[in-house]
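Coordinate inspection notes
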Amino acid sequence: MKVLPRNVDFLEVEKKWLKLWQEWEVYKYDWGDSEKPKFSVDTPPPYPSGDFHMGNVLNWTYFDIVARYKRMKGFNVHFPQGWDCHGLPTEVAVEKSYKIRRSDVPPDKFRKLCEEWIEQYINLMKNAVIRLGCSVDWSLEYRTMDPEYMRKIQLSFLLLYEKGMIYKSEHPINWCPRCETAIADAEVDHTSCTGSLYTISFGLEDGGEIPIATSRPEYIPACVAVGVNPGDERYKNLIGGNSVVPITGKIVPIIADDAVDPAFGTGIMMICTYGDKADVQAVAKYGLPTVKLVDEKGRITGGAGRYAGLTVEDARKNIVSDLKELGLLKSVESLEQEIGVCWRCDTPIEIISTEQWFMRTKVLTDEIEKVSKEIKWYPDWMKYRLIDWAKSLDWDWVLSRQRVFATPIPVWYCKKCGALRLAKPEELPVDPRTMKPRGVCAECGSSDFKPETSVLDTWFDSSLTCAIHAGWPDREDWMDLFPASIHPSGQDIIRTWAYYLMVRHLALFGRTAYNSVLINGMVLGTDGRKMSKSLGNYVTSREVFDKFGADAARQWAAAGGNTGFDVPFRWSDVEFGWRFMRKLWNACSFASVHLQDFNPESEFKLSILDQWILSMLERVVKSTGDALEECQFMNALETVRNFFWHIFCDHYIEAIKYRLYTNDESKRAAQWTLYYSIKKILQLLAPVMPNLTEEIYQYIYSNGERDSIHISRWPETNTSLINPEAEEAGDIIVSVIREVRKQKNRKGIPLNAEMERVSIYYKEDSELSALKLGLKDISTTLKIKHVELVKGSGGEFTVEEHPSISFYIS
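Overview of the structure. (Residues numbered from 1 in each chain as written. Predicted model: local features only at pLDDT ≥ 70, side-chain atom pairs only at ≥ 80, totals over all residues. Heavy atoms only, no water.)

Considering the overall build of the protein chain
- The number of helices and strands found in the protein chain is 22 helices and 29 strands.
- Over its C-alpha atoms, taken along the principal directions, the protein chain stretches across nearly 110 × 65 × 45 Å.
- Taking the contacts inside the protein chain whose residues are at least 6 apart along the sequence as the reference set, 78% of them involve residues at least 24 apart.
- If you average the places of the 99 positive and of the 113 negative side-chain charges in the protein chain, the two averages end up 3 Å apart. (Helix = DSSP H or I, 4+ residues; strand = E, 2+ residues; numbered from the N terminus. Contact = heavy atoms within 4.5 Å. Lys, Arg positive; Asp, Glu negative; His and termini not counted. Charge placed at Lys NZ, Arg CZ, Asp CG, Glu CD.)

As for the pairing of strand β14 (residues 350–359)
- The buried fraction of β14 is high, at 9 of 10 residues.
- Taken together, the 10 bridges between strand β5 (residues 166–176) and β14 define a ladder with antiparallel strand orientation. For Trp 175, the partnering residue across the bridge sits in β14 and is Glu 350.
- Both β14 and strand β16 (residues 397–398) contribute to a ladder of 2 bridges, which runs antiparallel. Bridge pairing links Met 359 to Trp 397 in β16. (Buried < 20%, exposed > 50% of the residue type's maximum accessible area, 1.4 Å probe, protein only. Pairing = 2+ DSSP bridges.)

Things to note about the nonpolar core
- With 147 residues, the main nonpolar core has Trp 556, Phe 648 and Tyr 652 as its most contacted residues.
- In terms of residue count, the dominant contributor to this core is helix α17 (residues 633–660) (15 residues).
- Excluding anything up to four places from it in sequence, Phe 648 contacts Ile 613, Phe 643, Ile 653, Leu 674, Ser 677, Ile 678 and Ile 681. (Core = buried A, V, L, I, M, F, W, Y, C linked by side-chain atoms within 4.5 Å.)

Here's the deal with the sheet that holds strand β20 (residues 449–451)
- Ordered in space as β19-β18-β20, the 3 strands form an open sheet in which the pairing is antiparallel. Only two strands of the sheet have a single partner each, and these edge strands are β19 (420–422) and β20. Neighbouring strand axes in the sheet, compared pairwise and without regard to direction, differ in orientation by 35° on average.
- Where strand β18 (residues 411–414) lies against β19, 3 bridges are found, and the strand directions are antiparallel. Opposite Val 411, over in β19, you have Leu 422 as the bridge partner. (Axes fitted to C-alpha atoms, helices over the stretch in contact; angles between N-to-C directions.)

Let's talk about the environment of Ile 722
- Among the secondary structure elements, Ile 722 is positioned in the loop between α19 (690–700) and α20 (724–746).
- A relative accessible area of 24% places Ile 722 in the partly exposed class.
- Along the chain, Ile 722 and Thr 347 lie 375 residues apart, while their C-alpha atoms are 63 Å from each other.

Some points on helix α12 (residues 494–509)
- Counted at 1.5 Å a residue, the expected span for α12 with its 16 residues is 22 Å, and the 21 Å between its end C-alpha atoms agrees.
- Taking burial as the measure, the 16 residues of α12 include 14 buried ones, the bulk of the element. (Expected span 1.5 Å × (residues − 1).)

Focus: the packing of aromatic side chains
- Using the criterion set out here, one finds 43 aromatic pairs in the structure.
- Aromatic pair Trp 17 and Trp 21: ring centres 6.2 Å apart, planes at 35°, arrangement tilted. Placement of the pair is Trp 17 and Trp 21 together in helix α1 (residues 10–24), with a separation of 4 residues, close to one helical turn.
- Ring centres of Tyr 142 and Tyr 149 lie 5.3 Å apart, and the angle between their planes is 0°; on these two criteria the pair is classed as stacked. As far as the burial class goes, Tyr 142 and Tyr 149 line up, both buried.
- Ring pairs connect the aromatic residues Phe 157, Tyr 161, Trp 357, Trp 397, Trp 459, Phe 460, Trp 497, Tyr 499 and Tyr 500, which therefore count as one cluster.
- Above the plane of the ring of Trp 389 lies Arg 495, whose end atom (NZ or CZ) is 5.5 Å from the centre. (Phe/Tyr/Trp six-rings, centres within 6.5 Å; stacked < 30°, edge-to-face > 60°. Lys NZ or Arg CZ within 6 Å of the ring centre and 35° of its normal.)

A look at the sheet that holds β14
- Pairing in this open sheet of 4 strands is antiparallel, and the strands run β6-β5-β14-β16 from one edge to the other. What marks the edges here is a single partner per strand, and that holds for β6 (181–183) and β16.

Some remarks on the pairing of strand β23 (residues 516–520)
- Burial within β23 is extensive, with 5 of its 5 residues counted as buried.
- Residue alternation in β23 divides its side chains into two sets, Ser 516, Leu 518 and Asn 520 and Val 517 and Ile 519, and both sets are buried.
- Where strand β15 (residues 376–378) meets β23, 3 bridges bridge the pair, whose relative direction is parallel. The residue of β23 that forms the bridge with Tyr 378 is Leu 518.
- Alignment of strand β22 (residues 487–490) against β23, held across 4 bridges, turns out to be parallel. Within β23, the position partnered with His 487 by the bridge is Val 517.
- Crossover handedness for the path β22 to α12 to β23: right-handed. (Right-handed = clockwise from strand over helix to strand, strands pointing away.)

Now the structure itself:
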């Protein structure tokens, strides 16, 4: 046992332990340990965007607390870390960085640029994760762009295709004209804006006209029908007739459609291909023809006559102008609307019909709802985010993307007969764009193939982590770690990560991907809005780490709000964490000085205050463990911090200091209580404050090298020390000490000055019993020569927590 120095540099402590933990392999998963229960964290492989922002700090702190707690509970914790490299975000970032479009350079060169760009940001994020103190087993690190990882993804594609869960078909899909690729519903963000509602005259085949209001007049050349609600008395007589489309003169049917809202616009809907999802549903429901109006670059096609080649925006302007000139534009009104935009570049999406690869996900919706209700959610109500999302989807998951930097789809096509040639498992990983298949076409014997040039959605990469982390498909024992014990996720990516993990593993293995889901909220800036660079309320983790250290930042994350709810970032909260660290160090430093001659084998008898603090401590141990079991990090941390600062330090240590300067049995009891209590307190704080608790543990409790607090056993509640009578008596004693000290200060008497006499008045015998037990603590701590205990009333001052007790200072 060593004495803690009075001064400490928390940042230096942090550096020291980040290095030693790796050398000691404290967090390494033991594949050969069959005795310990296993706990697997499905660590999301993040997209390395550069800054490790405070939202990342919140997310990683949450699941690192869980990993550390479970490790101390005796679990063999599997805690990997990967990096989600592929996909649209990386390509867009490279295009912006080099001021190019992907089509400007050869595909292999563009991929190389993407790999170089992502690698530099992986290094930045990895260093930030390490500095945060995350207990990751870095021997399990991976990148989704690694060939070995892509092999597993392509194998899952082949297996799902064999199961009939993957298919290729032409279907309307979301399309980003700027990125020139299909995107899934989960990748469509929605933004509110002010647009226009145009009321236009459509003709009737037998004469007359009808008014139709639309926000997308540019789709008039693709109008294939007019819809009327059959319950709308104004227009139901039109059903079965035909309408003449303005400008084009095309004749289209007027159909009955319950989906038409009579209250919107004029109550008549133009059905076109495809202005929105309502059009998609109507075309499919009524078997209407399709007109491809917009191409993959966001330009109007030749089917629109003289508007061909225009952008969607320019086509709208020209068509509106022509309608006005023809006298067919009746009115233009302002319209508050919500439009879909690409999640990565914010370009308004279009719905176009193209041939794409899909995974059958809608057939799994009922199973998703069932499983979501069976697994554990923190907090519980977040499961409905996943269930509601699954139920809201209109079509299957579109897997293919028309990009470069992604996992290739392992498919070729016979040039002669068009037959599909799937890669074989032993051939993986393959890139059909640069590799030719072995052998000949099984259908016609031709050896001439063309490659599938589309690639897989990046979520197809990252939605298999639960199985891959466990060792699939190479380890025979991979089911020992599957499903994952816990999947951490932000509330904003439940619809992507949590959803895609669920459907992918259900389809492949018929089992849930994870047994529980831990949800974190968003981080709010000091102005109360979501933290964002564009809003000017953004704080990087490096700023926080450099000023107050990782342990203080982790305290902010743990205590910032209830699990699953948004957490405001306040510098004052981080600073409070730093001040608590200072309080913890100073108190433990004081204790270490007075424990140098401590002999745990010596005999002693616990005083009433020893019994009081120990009973309170055991309740804290139970409350903290219960809170962590439910991932209630705020409750867990605040329980320990409040106990340590305001009860253990402010009351217990102050009341027993005098005993530490004696050489009798009372000193040995106080030493034992300090030694026992501080160890448990450090262990309770260790999952949140790994660096400082380790440093103090090494000074006072370590048995030698590699004896880390983080592999010590989590403290169990010692019920034999819970003593309600001692708690009641101790509470009376410390309340009296606090109130007398307060009045002593108000009277201008120095706290270290002696007082001649204090008379304490009580009414109940139980109060007398407690006061007698604490008489020496009261008189010595407060430096009172004579303490008089008097039954009845008469005191000048009342003890706030015990109004039947009062006192008089003379």
